[in-house]
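Reading the structure
Take a look at the letters that make up each chain.
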Amino acid sequence: MSVQAIEAIRPLMGSGMMGENTDSERVNGPSIPFADVFQSMVDTVRETDADNNEKQYLLATGQLDNPAEATIAATKAVFSVQLLTELRNKALDAYSEIMRISI
């Protein structure tokens, strides 16, 4: 087991100082790592769903040698959707909790 170094906290609104916007931030909005997590999860759901559809088609047409591959692909697709749903629910819970904080 190795010990990894702790990374410094990065500002959410980009590399500039507060109130400073770079050209890419003005055009595309601020780069938020949390949005990247959601995008990668959506991409994963799309990929697993496409793989599941392909395996089901191959199974139905008799082109799939190992029927277990279709079951595995279906399970991966279900789990990826469940994970995305749970991630969304946790994000909404966190947002609701932040909105309840009084300043």
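Residues numbered from 1 in each chain as written. Predicted model: local features only at pLDDT ≥ 70, side-chain atom pairs only at ≥ 80, totals over all residues. Heavy atoms only, no water.

**Quick word on the overall build of the protein**
For the protein, the count of helices and strands is 3 helices and 0 strands. Its helices and strands taken in sequence order, the protein reads α-α-α from the N to the C terminus. Relative to its full complement of 103 residues, the protein shows a buried share of 15%. Here the contacts in the protein between residues at least 6 apart in sequence split such that 48% fall between residues at least 24 apart. If you sum the accessible surface of the protein, you get close to 8800 Å²; carbon and sulfur atoms cover 60% of it. (Helix = DSSP H or I, 4+ residues; strand = E, 2+ residues; numbered from the N terminus. Buried < 20%, exposed > 50% of the residue type's maximum accessible area, 1.4 Å probe, protein only. Contact = heavy atoms within 4.5 Å. Areas by Shrake-Rupley, 256 points an atom, 1.4 Å probe, with all protein chains shown as cover.)

**Quick look at the confidence of the model for the protein**
Overall, the predicted model of the protein reaches an average pLDDT of 80, with 69% of residues at or above 70. Of all helices and strands in the protein, the one with the weakest mean pLDDT is helix 1 (residues 23–28) (53), whereas helix 3 (residues 68–100) scores best (94). (pLDDT = per-residue confidence, 0-100.)

**Quick word on helix 3**
Three- or four-residue spacings in an α-helix give side chains the same orientation, since the helix completes a turn every 3.6 residues. For helix 3, spanning 33 residues, the distance from its first C-alpha to its last is 48 Å, which sits close to the expected 48 Å at 1.5 Å a residue. Of the residues making up helix 3, those classed as buried are Ala 70, Ala 73, Ala 77, Ser 80, Leu 84 and Ala 91. The inward-facing, buried residues of helix 3 contact helix 2 (33–60). (Expected span 1.5 Å × (residues − 1).)

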